[in-house]
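Letter by letter, the chains look like this.
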Amino acid sequence: MVRPNNEDAVHIEVDTVWSVAVLADGMGGYRAGEVASALAVQCITQSLQHSALKSAKKSQPPRMAVVHRALEHCVQAANTSVRAHAREHADCQGMGATVVAAVFVQDRLVLAHLGDSRAYLWRGETLTQLTSDHSWLQEQIDAGQISADAAAQSGLGHLVTRALGVAERARPTLHEQMLEAGDRILLCSDGLSDLLTAGEIAALLATPEPLARQAEQLIARANALGGHDNISVILASVEPAPAR
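In this text, all values refer to a predicted model and were calculated from it rather than measured experimentally.

**What about the overall build of the chain?**
Then comes step 1: A tally of helices and strands in the chain yields seven helices and nine strands.
Then comes step 2: With the C-alpha coordinates aligned to their principal axes, the bounding extent of the chain is approximately 50 × 45 × 35 Å.
Then comes step 3: Looking at the chain residue by residue over its 244 residues, the buried ones come to 47%.
Then comes step 4: For the chain, the computed accessible surface area is about 12,300 Å², with 52% contributed by carbon and sulfur atoms.
Then comes step 5: Taking the average place of the 19 positive charges on the side chains of the chain and the average place of its 27 negative ones, the gap between the two points comes to 9 Å.

This is the structure in C-alpha cells:
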C-alpha cells in the first residue's frame, strides 16, 4: 500500500519427484532489491530443478541428505550470483535478499532460510513457526535480553543478521519436517509477519475457505493494517496419497 515497486519474488514448481516453493524479499537501493530477489528465486529454482532431475534418474527414492545438500548448494549458488551482479552493476551495490526455500519430497518438507522470511506449519488447528528469524531482535530474544512482546513493539525487526549477497559465504539454516495429510505450509515475507500476529494468521487459516482464498485474505488483512511493505504469501496443502 506504500511502496512504488515490489522487491519480493516468488516461484512454485509442482512435480511428482520434488515440488519446490521459493520466496525472497529484496534489500538495497532503488530497484536493486527486486533485482536481488529475482536473481535469488531464479537461481535457487533452477538449481533445485537440476537436482530433482538427477534424482529422478535413479530408481530409489531420494535420501533426505541429498535434498539437504541440494538446498545448501542452491542457496550458496544464489549468494554467489547476487554478489557477482552487485559487483558488475554500480546501481546494485549493497543489494541482498532474505529467502525461504521449501522442497516437498514424499512425506517430508525440507526448508532452507536466510533472514526473516518465514515458514509456518498449520496442523490440527495449531500454527507452528518452523523458521527462526536471522535478526538482531531474535538474537536478543534468544539471549533473554528482551521479551517477544517488547521486540514486536521495538520497530527494529528489519535488522537482519543473515541474507543472500551480504557475505562471501551464505549460512542458511535447514529444517526437516514430517508431513501429514491436511497440513498446510505457509511461506511469507515480513510484510505479512510484521503486521499479523501468529494468532491472526491462525484464525485466517482456520476458515473453511479454499487455499487461494486464504492467501488472498492474509494479504488483504495485512494491507488493512497498513501494508507498509511488500506482502508475499505461498500456501501449500498436503493432500492424502492417491489410492492404489
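Read on, since the account is not over.
**Notes on the sheet that holds strand S6 (residues 126–129)**
Then comes step 1: A sheet is described by the order of its strands in space; here four strands give the open sequence S6-S5-S8-S9, paired in antiparallel fashion. Strands with a single pairing partner mark the edges of an open sheet, and in this sheet they are S6 and strand S9 (233–237). The average angle at which neighbouring strand axes cross in this sheet is 20°, direction not considered.
Then comes step 2: Note: strand S5 (residues 118–123) against strand S8 (residues 184–188), five bridges, orientation antiparallel. Within S8, the position partnered with Arg118 by the bridge is Cys188.
Then comes step 3: Packing of helix H6 (residues 198–205) onto the sheet brings it into contact with S5, S6, S8 and S9, and relative to S6 it is tilted by some 130°.
Then comes step 4: Each of S8 and S9 touches helix H7 (residues 211–224); the most contacted strand, S9, lies at about 150° to it.

**Observations concerning the sheet that holds strand S4 (residues 108–114)**
Then comes step 1: Pairing within the open sheet is antiparallel, and its five strands lie in the order S1-S2-S3-S4-S7. In the strand order of this sheet, the two ends are held by strand S1 (8–13) and strand S7 (173–178), each with one partner. Averaged over all pairs of adjacent strands, the angle between strand axes in this sheet comes to 10°, irrespective of strand direction.
Then comes step 2: Bridge count for S1 against strand S2 (residues 19–27) is six bridges, and the pairing is antiparallel. Looking at the pairing, Glu13 lines up with Val20 of S2.
Then comes step 3: Contacts from helix H1 (residues 32–56) reach S1, S2 and strand S3 (96–105), with the element oriented near 160° to S2.
Then comes step 4: Sitting on the sheet, helix H2 (residues 64–88) touches S3, S4 and S7, and the angle it makes with S4 is about 25°.

**Here's the deal with unusual backbone geometry**
Then comes step 1: For Gln106, which is not glycine, the phi torsion reads 55° and is therefore positive.
Then comes step 2: Here Gln106 shows up in the loop between S3 and S4.
Then comes step 3: At Glu125, a residue that is not glycine, the phi angle is positive and equals roughly 70°.

**Remarks on the environment of Ile219**
Then comes step 1: Inspection of the secondary structure puts Ile219 in helix H7.
Then comes step 2: Take Ile219: its relative accessible area is 28%, and that puts it in the partly exposed class.
Then comes step 3: Note: C-alpha distance between Ile219 and Ser232 (13 residues apart in sequence) is 7.5 Å.
Then comes step 4: Dropping the residues within four chain positions of it, Ile219 is found in contact with Leu192, Ile231 and Val233.

**Thoughts on the environment of Cys43**
Then comes step 1: Turning to its location among the elements, Cys43 is positioned in helix H1.
Then comes step 2: When the C-alpha atoms of Cys43 and Leu53 are compared, they prove to be 16 Å apart, with ten residues separating the residues in sequence.
Then comes step 3: Sequence-distant contacts of Cys43, that is, excluding residues within four places in its chain, are made with Ala77, Ala78 and Ser81.

**Topic: the pattern of salt bridges**
Then comes step 1: On inspection of all chains with the given rule, the structure shows ten salt bridges.
Then comes step 2: Note that Asp133 and Arg118 form a salt bridge whose closest N and O atoms lie 2.8 Å from each other. One end of the pair, Asp133, is in the loop between S6 and helix H3 (136–142); the other, Arg118, is in strand S5, and 15 residues separate them in sequence.
Then comes step 3: Residue Asp133 is classed as buried on the basis of its relative accessible area, which comes to 11%.
Then comes step 4: Residue classification places Arg118 among the buried residues on the basis of a relative accessible area of 17%.
Then comes step 5: Taken together, the salt bridges that share partners define one network made up of Arg3, Glu7 and Asp229.

Quick notes on the rules
- Residues numbered from 1 in each chain as written.
- Predicted model: local features only at pLDDT ≥ 70, side-chain atom pairs only at ≥ 80, totals over all residues.
- Heavy atoms only, no water.
- Helix = DSSP H or I, 4+ residues; strand = E, 2+ residues; numbered from the N terminus.
- Buried < 20%, exposed > 50% of the residue type's maximum accessible area, 1.4 Å probe, protein only.
- Areas by Shrake-Rupley, 256 points an atom, 1.4 Å probe, with all protein chains shown as cover.
- Lys, Arg positive; Asp, Glu negative; His and termini not counted.
- Charge placed at Lys NZ, Arg CZ, Asp CG, Glu CD.
- Pairing = 2+ DSSP bridges.
- Axes fitted to C-alpha atoms, helices over the stretch in contact; angles between N-to-C directions.
- Contact = heavy atoms within 4.5 Å.
- Salt bridge = Lys/Arg side-chain N within 4 Å of Asp/Glu carboxyl O.

Geometric values such as these leave the question of function open.
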